[in-house]
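In case you want the letters, here they are:
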Amino acid sequence: MANTTPISFEFYPPQTAEGAEKLAAVRTRLAAFKPDFFSVTFGAGGSTQDRTLETIRQIHAEGHEAAPHLSCVGSTRDNVRALLQAYQDMGIKRIVALRGDLPSGMASIGEFQYASELVAFIRAETGAHFHIEVAAYPEFHPQAKSARDDMLNFKRKMDAGADSAITQYFYNADAYFHFVEEARKLGINAPIVPGIMPIVRFSQLARFSDACGAEIPRWMRKTLEGYGDDVASVQAFGLDVVAQLCEKLIAGGAPALHFYTLNQATASLEILKRLGYRT
Ligand code: FAD
């Protein structure tokens, strides 16, 4: 039987016309698996605002559900209001609402301090128009004072009007199951969708993981380090590990899978095929 757990894919907005063309080809390959939506990240401080909008416009024009990310740090209410209007005019119905991280050199935090304030603002401005996704951290956000605090802050975002959450990536399924269990104890019943990071290159993964606080378990780090420049072995190991993680997550009740594609199709497609998805 084919796997029918819903899936979605995340892109970053390409910087060049060539990148946009490549991404369109990536999208065609991924679209064959009928994802619920494609999302497009947003550089904090508005650095990618126009490119995010343009990529969303293209995805929507192709007939796919497109979900822009919107990070509020360094932004003003007027700016966010204008963006929401632009997305509403385009017919966009889903948004991923984030705080973001203040880019270096940007002095002012702007008019929003936390994602919960952005969620409340979107609801106040646009009512029930958007399905709002927020970020969740099974291994906790690096700036959180404590695990408990982070959980309560997550609840704040949900209470402000979010519909569902997508997690930071992780390689330890227990962290996800624990997080979902704790959320349910706090009365959060919304879907919490695991974010899945395929493993393509170890150095890149290690850099991301250090920055966002996602742990690469020691046994995985040691194995990946041991492969050195042997990219084929890194990818074969990565495929085994991530496909097994997805299997565990689905068996344990994950409502969907959200893939961080880094604008590449192959790694996500290999995982989907391994999991029994069919085009
Ligand atoms: P928040 O929910 O505001 O939390 C940030 C920190 O503040 C946490 O430590 C939290 O515990 C704490 N906190 C929250 N509320 C309070 C409060 N009231 N009092 C005290 N402390 C509080 N970044 C981008 O720039 N662009 C993107 O497109 C993007 N997409 C992402 C997509 C996903 C699925 C995920 C998981 C992350 C994404 N990020 C993106 C990264 C994200 O912006 C960073 O992780 C950022 O540091 C936190 O954003 P947040 O929305 O989780 O913030």
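Before reading on, note that the structure itself is shown above.
What counts, and where the lines are drawn
Residues numbered from 1 in each chain as written. Predicted model: local features only at pLDDT ≥ 70, side-chain atom pairs only at ≥ 80, totals over all residues. Heavy atoms only, no water. Near = heavy atom within 4 Å. Polar contact = N/O pair within 3.5 Å; in protein donor to acceptor, adjacent residues only side chain to side chain. Areas by Shrake-Rupley, 256 points an atom, 1.4 Å probe, with all protein chains shown as cover. Helix = DSSP H or I, 4+ residues; strand = E, 2+ residues; numbered from the N terminus. Nonpolar A, V, L, I, M, F, W, Y, C, P; charged D, E, K, R; others polar. Salt bridge = Lys/Arg side-chain N within 4 Å of Asp/Glu carboxyl O. Buried < 20%, exposed > 50% of the residue type's maximum accessible area, 1.4 Å probe, protein only. Pairing = 2+ DSSP bridges. Axes fitted to C-alpha atoms, helices over the stretch in contact; angles between N-to-C directions. Contact = heavy atoms within 4.5 Å. Right-handed = clockwise from strand over helix to strand, strands pointing away. Phe/Tyr/Trp six-rings, centres within 6.5 Å; stacked < 30°, edge-to-face > 60°.

Caption draft 1: A look at the site of the ligand. Near the ligand you find 24 residues, and of these Phe42, Asp101, Tyr137, His141 and Asp150 are the closest. Measuring from an oxygen atom of the ligand, one finds a backbone N or O atom of Gly100 at 3.0 Å. Between His141 and the ligand, the recorded distance is 2.7 Å, taken from a side-chain N or O atom to an oxygen atom. Protein chains bury 85% of the 980 Å² of accessible surface belonging to the ligand in isolation. Within the residue set of the shell around the ligand, elements represented by two or more residues are β3 (66-71), α5 (147-159) and β6 (164-169). Per-element accounting of the shell around the ligand gives the leading share, four residues, to α5. Taken together, the residues that form the shell around the ligand break down as 10 nonpolar, nine polar and five charged.

Caption draft 2: View of the pattern of salt bridges. This model, assessed by the stated rule, comprises 15 salt bridges. Between Lys22 and Glu18 there is a salt bridge; the shortest N-O distance is 3.9 Å. Here the residue Lys22 and the residue Glu18 both occupy positions in helix α1 (residues 17-31), the gap between them amounting to four residues, near one helical turn. What makes Lys22 exposed here is its relative accessible area of 55%. Residue classification places Glu18 among the exposed positions, given a relative accessible area of 56%. If you follow the salt bridges from partner to partner, you end up with Glu65, Arg94 and Glu133 in one network.

Caption draft 3: Inspection of the sheet that holds strand β8 (residues 257-260) at higher detail. If you trace the eight strands once around the closed barrel, you get β1-β2-β3-β4-β5-β6-β7-β8, paired in parallel fashion. Between one strand axis and the next, the sheet turns by 30° as a mean value, whatever way the strands run. Bridging between strand β7 (residues 192-196) and β8 involves two bridges; their strand directions are parallel. Paired with Gly195 across the strands is His258, a residue of β8. On the sheet, helix α2 (residues 49-61) packs against β1 (7-11), β2 (37-40) and β3 and is oriented at approximately 165° with respect to β3. In this fold helix α6 (residues 173-185) packs onto β5 (131-136), β6 and β7, with an angle of close to 160° to the strand it touches most, β7.

Caption draft 4: Quick look at the pairing of β5. Taking burial as the measure, the six residues of β5 include five buried ones, the bulk of the element. Where the polypeptide runs from strand β4 (residues 94-98) across helix α4 (residues 115-126) and back to β5, its parallel neighbour, the crossover connection is right-handed. Note: β5 against β6, four bridges, orientation parallel. From the neighbouring strand, Val134 faces β6, where its bridge partner is Ala165. This β-α-β element, β5 to α5 to β6, shows right-handed connectivity.

Caption draft 5: Region of the structure containing the packing of aromatic side chains. Inspection of every chain in the model, using the stated rule, returns 11 aromatic pairs. When the centroid spacing of 5.8 Å and the interplanar angle of 35° are considered together, the rings of Phe9 and Phe259 count as tilted. Taken together, the residues Phe9 in strand β1 and Phe259 in strand β8 connect sequence positions 250 residues apart. For the pair formed by Phe9 and Phe259, the shared burial category is buried. Centre to centre, the rings of Phe154 and Phe179 are 5.2 Å apart; their planes meet at 55°, and the pair counts as tilted. Taken together, the positions of Phe154 in helix α5 and Phe179 in helix α6 put the pair 25 residues apart, joining distant regions of the chain. For Phe154, a relative accessible area of 3% translates into the label buried. Overall, the relative accessible area of 2% leaves Phe179 in the buried class.

Caption draft 6: The arrangement of the pairing of β1 in detail. Burial of β1 is extensive: five of the five residues sit out of reach of the surface. A two-sided burial pattern is seen for β1, the buried positions comprising Ile7, Phe9 and Phe11 on one face and Ser8 and Glu10 on the other. Of the pairings in the sheet, the one linking β1 to β8 comprises four bridges and is parallel in character. When the sheet's bridge partners are listed, Phe9 is paired in β8 with Phe259. Inspection of the sheet shows β1 paired to β2 by four bridges, in the parallel sense. If you follow Phe9 over to β2, its bridge partner there is Phe38.

Spatial relationships are all this shows, so hold off on functional conclusions.
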